[in-house]
Structures are given as structure tokens and as C-alpha cells.
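The chain contents come next:
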Amino acid sequence: MESMNLTALTRLVGINENTLRGWERRYEAVTPGRDENGRRVYSLKEVERIKVLWALVKEGHTIGRIASLPTPALKKMLRSSLSPEMVEISATSLQTENFLTDIINALEKFNLEKLNQSLQKARFELSSKEIVINLIGPLLVKVGHMISEKVLSITQEHILSSLLRDYLGNLNQSLSPYDFSSRTHSKKVILTTREGDVHEFGIMLSGILCNLYRYQTFYLGPNMPLNDLIEASLHFKSDYIVLGLMTLPKQREIISAQDYVNELDRRLPRKVTFCVGGSNAGEISKIKTERQIIILSDLDQLDKFLNSHTNF
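Scoring rules and cut-offs
- Sequence order as written defines the numbering, with residues in each chain counted from 1.
- Confidence filtering applies because this is a predicted model: local features only for residues at pLDDT of at least 70, side-chain atom pairs given and counted only at 80 or more, and all residues used for totals across whole chains, interfaces and linings.
- As a convention, hydrogens and water are excluded, and side-chain values are obtained from all of the structure's heavy atoms.
- For the exposure calls, accessible area comes from a 1.4 Å probe over protein chains only, and a residue counts as buried if that area is under 20% of its type's maximum, exposed if over 50%, partly exposed in between.
- Segments assigned H or I by DSSP are reported as helices when at least four residues long, segments assigned E as strands when at least two residues long, and all are numbered from the N terminus.
- Here, a strand pair is defined by DSSP locating no fewer than two bridges between the strands.
- Handedness of a crossover is defined as follows: orient the strands so they point away from the viewer, and if the path from the first strand over the helix to the second runs clockwise, the crossover is right-handed.
- Angles here are taken between N-to-C directions and fall from 0 to 180 degrees, while the axes themselves are lines fitted to C-alpha atoms, restricted in helices to the stretch in contact.
- Between two residues, a contact is recorded if the distance between any of their heavy atoms is within 4.5 Å.
- Throughout this description, the term nonpolar core refers to a set of buried Ala, Val, Leu, Ile, Met, Phe, Trp, Tyr and Cys residues connected via side-chain atoms within 4.5 Å.

A. Local environment of the pairing of strand β4 (residues 188–193). Extensive coverage of β4 is indicated by the burial of five of its six residues. Bridge analysis of β4 against strand β5 (residues 216–219) gives four bridges, and the strand direction is parallel. Each bridged residue has a counterpart across the sheet, and for I190 the counterpart in β5 is F218. Once you follow β4 into helix α10 (residues 201–212) and on to β5, the crossover reads as right-handed. Relative to strand β6 (residues 240–244), β4 runs parallel, the two being bridged by five bridges. In the sheet register, T193 faces β6, and the bridge partner there is G244.

B. Just the sheet that holds strand β7 (residues 273–277), in detail. One open sheet holds the five strands; their spatial order is β5-β4-β6-β7-β8, and the pairing between them is parallel. Only two strands of the sheet have a single neighbouring strand rather than two, namely β5 and β8 (293–296). Shown here is a sheet whose adjacent strand axes are inclined to one another by a mean of 20°, direction ignored. For β7 and β8, the ladder comprises four bridges, and the chain directions are parallel. Bridging from a neighbouring strand, F274 pairs with I293 of β8. The strands touched by α10 are β4, β5 and β6; relative to β4, the strand with the most contacts, the crossing angle is about 170°. Here helix α13 (residues 299–308) sits on the sheet in contact with β6, β7 and β8, set at roughly 145° to β8.

C. Quick look at the nonpolar core. Within the largest apolar cluster, 71 residues are counted, with the highest numbers of intra-cluster contacts made by W23, I136 and L139. Per element, the largest residue contribution to this core is nine residues, and it comes from helix α8 (residues 128–148). Excluding residues that lie within four positions of it along the chain, I136 makes contacts with L119, I131, L164, Y167, L168 and L205.

Structural measurements only, silent on function.
Here it is in C-alpha cells:
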């Protein structure tokens, strides 16, 4: 075989077709040929280059900075396993801060077009990890403060939430084709929140991180009844449960955070590790159990945990 079509390439590498087309159109990362029907075909050298580029992006490098480098230089970067924190960290921080400022300004002015443009531009110029940890995470915190201080309205919060659900859903989908046989990590992760807790963005962002590290990731959405989570965990034979536990108003609390986790602990195999985050997660530290329970203060801590338990 001297060439490969687009579908075969994306299945082999694990990259999303739209992402690859964006790399070609915006950065000329590769220039595929065309068959007699006008469809893209990739030489073996181009396939090899895309595999290396995709591996580097998953490590935290941004495609905009590495797309123009020759393939030997890319391979050298991959072999040296350079930490993304060591690669132009000051430039990345400034770039992310600029995106954050643009998004907030657009939201304040109800400028949906500018808001969407800023988010889409960040998708091309930042790595997925940077988007999760350094852009969307801080954005949600900042917007929360601005809502509480009445600088932003509930309407503006809903506008942003609607955009972010689609945005993060598309980002997650590009990383998580349900072909688990191609996953390099065999561990299985379930992500959800307890019943009554509809705060979704924390587990959405966490799910993207799990997919970046190529865990077998099962995103169940928020507001999960206890018995259904237990059934899902047993069915999928999960190794980890990432659980969002926000503080809820008394009138909305169906079951306390402590009771919810206590019951999970009682009924699930000991091998299942609980990774718990959110404003109510500190209560879980009071539970006495032989199970490993990780209290997560932020997304960066989850990133470090996933990285430390990854074998590739």
C-alpha cells in the first residue's frame, strides 16, 4: 500500500476528519493528493507526519506552532518528550489571556458573533489541554464571579452555557470515537454528578482530559441517580469514577454528597477509585474507607492524576 484515503487515515491515527482538514487548510500541515474522484489520498510519509503531529498535540503542543516544522524535527521533539510547560509558556499564557479577555468582552456586549469567533479561533490556536485547563476552566470561574457581582446577567450566563455545551461537545467528540480497541489505555472512566446536581461543565472538561490521555471514557452527563450509576459502573467494569459534587440548596438536595458516596463505596468493588471534585467534595474526606478516594481541587490536579496513571 503506497497511499491511504481520509477515512482509513483517521481510523488509524484517531484524529477527527474536521480537525485534519483544518490543519491542511489553515496551516498546510500536509498537502494530500487526490484520486480520480477528487478524494484526498495520503502518501505513507504524510501518514507518518500526521501521526507524529497528532501525538505532539496530545502532549500539549499547539498545531499552529509545530505544523511548519519538518518531520525529522517533529520526531525529535516527540522522542525527547518535551513538557508542554517548557514550550513557549509565556507566549501561551499571554495568548490564552487574550482569548479570555475577548470572550468576556463579547459576552458583556451580547456580541454572539464575536464570542463564537473567539471560541473557534482558540480551537485552532490552543491545544485541547490548554482550552480545558487554561481557557474554559478560568472562564467559568470568572463568569461565576461576575454573575454574583451582578456585572453579568443570568441571560448572559445562559448564552455562554448554550455555546459552551456545543463547543465542548464537539471538542470531546473529536477526541473520542467509540472505537475502544484503538485506545492505548485500557482503564475505564465514568463521569457524572450526583442526583439533583445539574452542574455539567466540570465533568465535561474532565471527560475531555480523560480522552486526551486515551482512557476508555463513558460520559453519563449530570444528575445521575445512585442506583443507575452503580449499574453503569458494574456493567462497564469501571476503574475510575469522576464525580462532580457541587453544594446544592437544601430544597434541591435529593441525597447528601456524603450519603451518595458512602452508598457507592458500600456497593461497588474496591478496585474502583473515586475522583471527586466540586465545592462539596471536601465533605468526602470524612468518609472512613479502604477505597482510594482522590479529592480534586481543580482540573490541573485531575490532569496530573491521569498523567501519573498513564503507561504510554
